[in-house]
Amino acid sequence: MRSAVSAQLAPLNSNMDLNGFSGDKAESRLYVGNLDLRITEATLIKMFSPYGKIISEDFLWHTRGPRRGEPRGFAFIQFSSKEEAKLAKEKMHGRLACGRPLVVRISSDRSLEEAAAQSSSRTAASAPRKPGLPSQPTGQTNKSAKIAAIKNKLRALEEETTSVKKQKLASDSITSK
């Protein structure tokens, strides 16, 4: 599959860095998001190739965890010019692919920083705060809350066991008299 995809891509330009774009080429790199898991690299290239010469594409996959080897739902496509990238963005943004509207943006450093800032502020704002818990990332808060719940349950079980033992000792002492 990889060789078929690579054969459809134009050769990399020698003035590009490891990410596939140079300073001038940053505006010709597109972020494509909200991809359905059924969309393959080849399908993505076929969808975007009518709008210009594709230099490279980066289709991202989960690399660990239970979803290892599954698509992450977004990719990057590098066009040969920023005009081609803008045309592809205009034509493809919002277009339905497998029932999902595509999110297509120019992937410049500035827009990536803004997107990261927006997503982190949304996460912080939308995370419900529990009284008495310190301010922590959502995953850590959930972990801390689970640990606290388990400790409380153990304490309750210990108290219950202790009271049952006391009752049994009291009833044994009454019956032995």
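Residue numbers run consecutively from 1 along every chain, following the written order of its sequence. Local features in this predicted model are restricted to residues of pLDDT 70 or higher, and side-chain atom pairs are both shown and tallied only at a pLDDT of 80 or more, whereas totals for entire chains, interfaces and linings draw on every residue. Remark: hydrogens and water are excluded; side-chain values derive from all non-hydrogen atoms of the structure.

Turning to the packing of aromatic side chains, a few remarks are in order. When two rings of Phe, Tyr or Trp (its six-membered ring) have centres within 6.5 Å they constitute a pair, described as stacked for plane angles under 30 degrees, edge-to-face for angles over 60, and tilted for the intermediate range. Within this structure, the stated rule accounts for four aromatic pairs. The structure contains a cluster of three or more aromatic residues connected by ring pairs, namely Tyr31, Phe74 and Phe76.

Right, let's talk about a nonpolar patch on the surface for a bit. Residues form patches when they are more than 30% accessible in relative terms and have no salt bridge. Like charges link within 9 Å. Nonpolar side chains (Val, Leu, Ile, Met, Phe, Trp, Tyr) link within 5 Å. Shrake-Rupley sampling with a 1.4 Å probe provides the accessible areas, and residues are treated as covered by the protein chains on show and by no other component. Whenever Lys or Arg places a side-chain nitrogen within 4 Å of a carboxyl oxygen from Asp or Glu, that contact is recorded as a salt bridge. A cluster of nonpolar side chains, namely Ile150, Leu154 and Leu157, defines an oily patch on the protein surface of about 280 Å² accessible area. Numbering of helices and strands starts at the N terminus; helices are DSSP runs of H or I of at least 4 residues and strands are runs of E of at least 2. Among the secondary structure elements, Leu157 is positioned in helix 5 (residues 138-176). Burial classification: accessible surface area is computed with a 1.4 Å probe over protein chains only, and a residue below 20% of its type maximum counts as buried, one above 50% as exposed, and the rest as partly exposed. Among the residues examined, Leu157 registers a relative accessible area of 39% and is labelled partly exposed.

Our next topic: helix 3 (residues 82-92). An α-helical segment advances 3.6 residues per turn. Residues three or four places apart therefore align on the same side. Turning to helix 3, its buried residues number three or more, namely Glu84, Ala85, Ala88 and Met92. Seen along its axis, helix 3 keeps its buried residues to an arc of 100 degrees; they face one direction. Away from the buried face of helix 3 by more than 90 degrees, exposed residues Glu83 and Glu90 are located. Its buried side turned inward, helix 3 meets strand 1 (29-33), helix 2 (41-48), strand 3 (71-79) and strand 6 (103-106). Gly94 occupies a position one or two residues after helix 3 and carries a positive phi of about 90 degrees. The directions considered for the arc run from the helix axis to the C-beta atoms. Any two residues whose heavy atoms approach within 4.5 Å at even a single point are treated as in contact.

Here the focus is the pattern of salt bridges. Applying the stated criterion across every chain yields a total of four salt bridges. With a shortest N-O distance of 3.4 Å, Arg67 and Glu70 are connected by a salt bridge. Classification of Arg67 as partly exposed rests on a relative accessible area of 39%.

All right, on to the nonpolar core then. One finds Val32, Leu35, Leu44, Phe48, Phe79 and Leu102 to be the most contacted residues of the largest nonpolar core, which totals 20 residues. Where this core is concerned, the elements lending two or more residues are strand 1, helix 2, strand 2 (54-61), strand 3 and helix 3. No other element matches the four residues that helix 2 contributes to this core. The residues contacting Leu35, other than those within four sequence positions of it, are Leu44, Phe59, Gly73, Phe74, Ala75, Arg100 and Leu102. For the purposes of this section, nonpolar cores are sets of buried Ala, Val, Leu, Ile, Met, Phe, Trp, Tyr and Cys residues that join through side-chain atoms within 4.5 Å.

This next bit is on the sheet that holds strand 6. Strands were regarded as paired on the criterion that DSSP finds at least two bridges between them. Pairing is antiparallel in the open sheet, where four strands are placed in the order 2-3-1-6. Every interior strand has two partners, whereas the edge strands, strand 2 and strand 6, have only one. On average, adjacent strands in this sheet sit at an angle of 20 degrees to one another, irrespective of strand direction. Bridge count for strand 1 against strand 3 is four bridges, and the pairing is antiparallel. Note on strand 3: the bridge partner recorded for Leu30 is Ile77. Relative to strand 2, helix 2 is tilted by about 140 degrees, and along the sheet it contacts strand 1, strand 2, strand 3 and strand 6. Angles here are taken between N-to-C directions and fall from 0 to 180 degrees, while the axes themselves are lines fitted to C-alpha atoms, restricted in helices to the stretch in contact. In this fold helix 3 packs onto strand 1, strand 3 and strand 6, with an angle of close to 155 degrees to the strand it touches most, strand 6.

Tracing the sequence through the fold places His62 in the loop between strand 2 and strand 3. Sequence separation between His62 and Gly73 is eleven residues; the distance between their C-alpha atoms is 9.5 Å. In this structure, His62 is in contact with Arg67, Arg68, Gly69, Glu70, Pro71 and Arg72, ignoring residues within four places of it in sequence.

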